[in-house]
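A look at the structure
In case you want the letters, here they are:
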Amino acid sequence: MKTYNRFPLDLIRGKGSWVWDKKGRKYLDAVAGIATCSLGHSDKALIKSLSKQLKKLQHVSNLYGIPEQEELAQWLTSQSFAKSVFFCNSGAEANEAAIKLARKYGHIERNIDNPVILCSKESFHGRTLAAVSATGQTKYHKGFEPMVQGFQFFSYNDSESFENLFDTLERTGPQIAAVFIEPIQGEGGINIGKKSFFELLRKKCTHSNVLLIFDEVQTGMGRTGTLWGYEQLGIEPDVFTLAKGLGGGHAIGALLVNQLADVFQPGDHASTFGGNPFACRAALTVGKEIQKRDLLNKVTERGAQLKEGLIKLSNKYSDIFISTRGVGLIQGLVIKDNIKTTSLDIVKSALEEKLLLVSAGVKVLRIVPPLTITKKEINELLSRLDKCLMKLS
C-alpha cells in the first residue's frame, strides 16, 4: 500500500554505521532504523547469538515457559526499578498495553467508571487507534475519527497547564488513571523534559495515587547516555514502555511496571509473537553488549561531540537554524519558522552527500545514529551535513 513517501533509495546491506544501496553507493547512517539499530548494522555479536538461537528455537508460544524471555525479564528488572515485564512486538503495542493497564488500574485501584489518561500536546505514541488517540498532534488524527475516548491533553513542560487540567478533573473525585508522557518528545521535535516539570508530575501522581507512565520507546536502551531516559530526570515513573533500540533492529517491545502498577491478571492481555526466543535473544545481546562495550559512556562522549558540532553549524547557518536540541545520541537542529526550508528539504539534500537523516516534524532535523558510532564517523557526519547545508544556505 502507498503508506510511505519513500526516498529513491534501495538499501541492501550494512556494516556498523554504514549502509550500501543496490548500486553500490555507501551512505553514513544517522537514522539507524529511526533510533533502532543500537549496535549498528551486521553486528558480530548479534550475528553470532542469533545464528546460534535459530539452531535452537525461534518461536513457540506464551502458553509455555520461555527461558530466553525469563532471562531478558530478569535483566530488564535488575537494571531498572521495574518488578514485572510484558513482552510484545513494537512501540505501539507496548503503548497499547500501557493504556489498557492504566484503564484497569483506574477501575480497580481508584474506582473510576470512565478513567481519563492525561497526555501531552506534541506527543507521539504510535499509529494504532488508541496510541494515536493518545498522541497530542491532530495531524495524525485526521481521517481516522472518531478517536478513542478518555484522553485529555496538557502542554509539555508547562506546569500551570498540567496542574490546571489535573486539579480540574480531580476536583469532584477521582477521574484520572494515569499520566502518559515521553521523557523526550521524539517525533514532536526532540523536546527535552525539564526536571522541575517531571518532579511535579511525580509529586502529583504520588499524592493522588495516579500512575505515571513513560513512553521510552525512543529514549530507552542507552539512547540518551543513560540506560533509561527517566534517569536523565532524577525520578522514576511507575510504568515505562520500550521498543526500537531494545532489539537492535529486531521486532520486540516491552511494558515494564513496578509493584503498584502490576495489575494485569491471566487473560487481561496477550501476544502471539511477543517475547519469543529469537526476539528475546536479540534484546539480551543488545543489553549485554551495551554494558560490555561501555556504550553508555561512549554515547555521552559522542553525543557531546555531536552537540558541539551541531552548535557550530547552527551558528554558521544562522539564516536556517534557531538552535539545537538533544542529549546523547538523540539530537536535533531547529529550523526557523519564518523561512521556507523544512527538515525534509535538508534530509533530501543530505542524501546527495551520502548521509541519511530523518525529520522530527516539519521544522526539526533529527540525528539518531547507532550507539556504536565512532569519533571519526561523527566528524564525517558533521562534514557531510555542512556540505549539504552550504547548498541550501
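If you're wondering where the values come from, they're calculated on a predicted model, not measured in any experiment. (Residues numbered from 1 in each chain as written. Predicted model: local features only at pLDDT ≥ 70, side-chain atom pairs only at ≥ 80, totals over all residues. Heavy atoms only, no water.)

Our focus in this paragraph is the overall build of the protein chain. Counting its regular elements, the protein chain contains 11 helices and 17 strands. Its C-alpha atoms give the protein chain a radius of gyration of 21 Å, near enough to 21 Å, the size a compact globule of 393 residues would have. For the protein chain, the spread of C-alpha atoms along the principal axes amounts to about 60 × 55 × 40 Å. Relative to its full complement of 393 residues, the protein chain shows a buried share of 57%. In the protein chain, the share of contacts with a sequence separation of at least 24, taken over all contacts with a separation of at least 6, comes to 71%. Taken together, the 51 basic and 40 acidic charged side chains of the protein chain have centroids lying 8 Å from each other. (Helix = DSSP H or I, 4+ residues; strand = E, 2+ residues; numbered from the N terminus. Rg over C-alpha atoms; globule rule 2.2 N^0.38 Å. Buried < 20%, exposed > 50% of the residue type's maximum accessible area, 1.4 Å probe, protein only. Contact = heavy atoms within 4.5 Å. Lys, Arg positive; Asp, Glu negative; His and termini not counted. Charge placed at Lys NZ, Arg CZ, Asp CG, Glu CD.)

Once that is clear, we can look at the pairing of strand β13 (residues 321-327). Across six bridges, β13 lies against strand β14 (residues 330-335) in antiparallel orientation. Of the residues in β14, the one forming a bridge with Thr 324 is Leu 333. (Pairing = 2+ DSSP bridges.)

This part covers the pairing of strand β17 (residues 364-367). Residues Val 364 and Arg 366 point to one face of β17 and Leu 365 and Ile 367 to the other, with burial holding for every one of them. Direction of pairing for β14 relative to β17: antiparallel, over a ladder of four bridges. For Val 334, the partnering residue across the bridge sits in β17 and is Val 364. With two bridges connecting them, strand β16 (residues 358-359) and β17 associate as antiparallel partners.

Right, let's talk about a positive patch on the surface for a bit. Positive charge collects at one region of the surface, where Lys 48, Lys 52, Lys 56 and Lys 292 lie side by side. On the secondary structure map, Lys 52 appears in helix α2 (residues 44-54). What makes Lys 52 exposed here is its relative accessible area of 59%. (Patch = residues over 30% accessible without salt bridge, like charges linked within 9 Å, V, L, I, M, F, W, Y side chains within 5 Å. Areas by Shrake-Rupley, 256 points an atom, 1.4 Å probe, with all protein chains shown as cover. Salt bridge = Lys/Arg side-chain N within 4 Å of Asp/Glu carboxyl O.)

One water molecule sets the probe size; rolling that probe over the atoms shows where empty space is left. In this model, the second largest pocket occupies a volume close to 530 Å³. Taken together, 26 residues line the second largest pocket, and the ones lying closest to its centre are Gln 69, Val 85, Phe 86, Phe 87 and His 269. Where the lining of the second largest pocket is concerned, the elements lending two or more residues are α3 (67-78), β4 (84-88) and β12 (253-257). Top contributing element to the lining of the second largest pocket by residue count: β4, with four residues. Residue composition of the lining of the second largest pocket, grouped by class: 14 nonpolar, nine polar and three charged. (1 Å grid on protein atoms, 1.4 Å probe; cavity = no way out; pocket = protein on both sides within 12 Å on 5 of 7 lines; lining within 4 Å. Points joined across faces, edges and corners; volume = space filled by probe spheres on them. Nonpolar A, V, L, I, M, F, W, Y, C, P; charged D, E, K, R; others polar.)

Here the focus is the sheet that holds strand β11 (residues 239-242). Within a sheet, neighbouring strands are paired by backbone hydrogen bonds and run either parallel or antiparallel to one another. Ordered by their spatial adjacency, seven strands build an open sheet running β4-β12-β11-β10-β7-β5-β6, and the pairing between neighbours is mixed. This sheet does not close on itself; its edge strands, each paired only once, are β4 and β6 (151-154). With direction set aside, neighbouring strand axes in the sheet form an average angle of 20°. In the packing of α3 onto the sheet, contacts are made with β4, β11 and β12, and the angle to β4 comes to roughly 125°. Strands in contact with helix α6 (residues 159-170) are β5 (116-120), β6 and β7 (176-181); relative to β6, the strand with the most contacts, it is inclined by about 145°. (Axes fitted to C-alpha atoms, helices over the stretch in contact; angles between N-to-C directions.)

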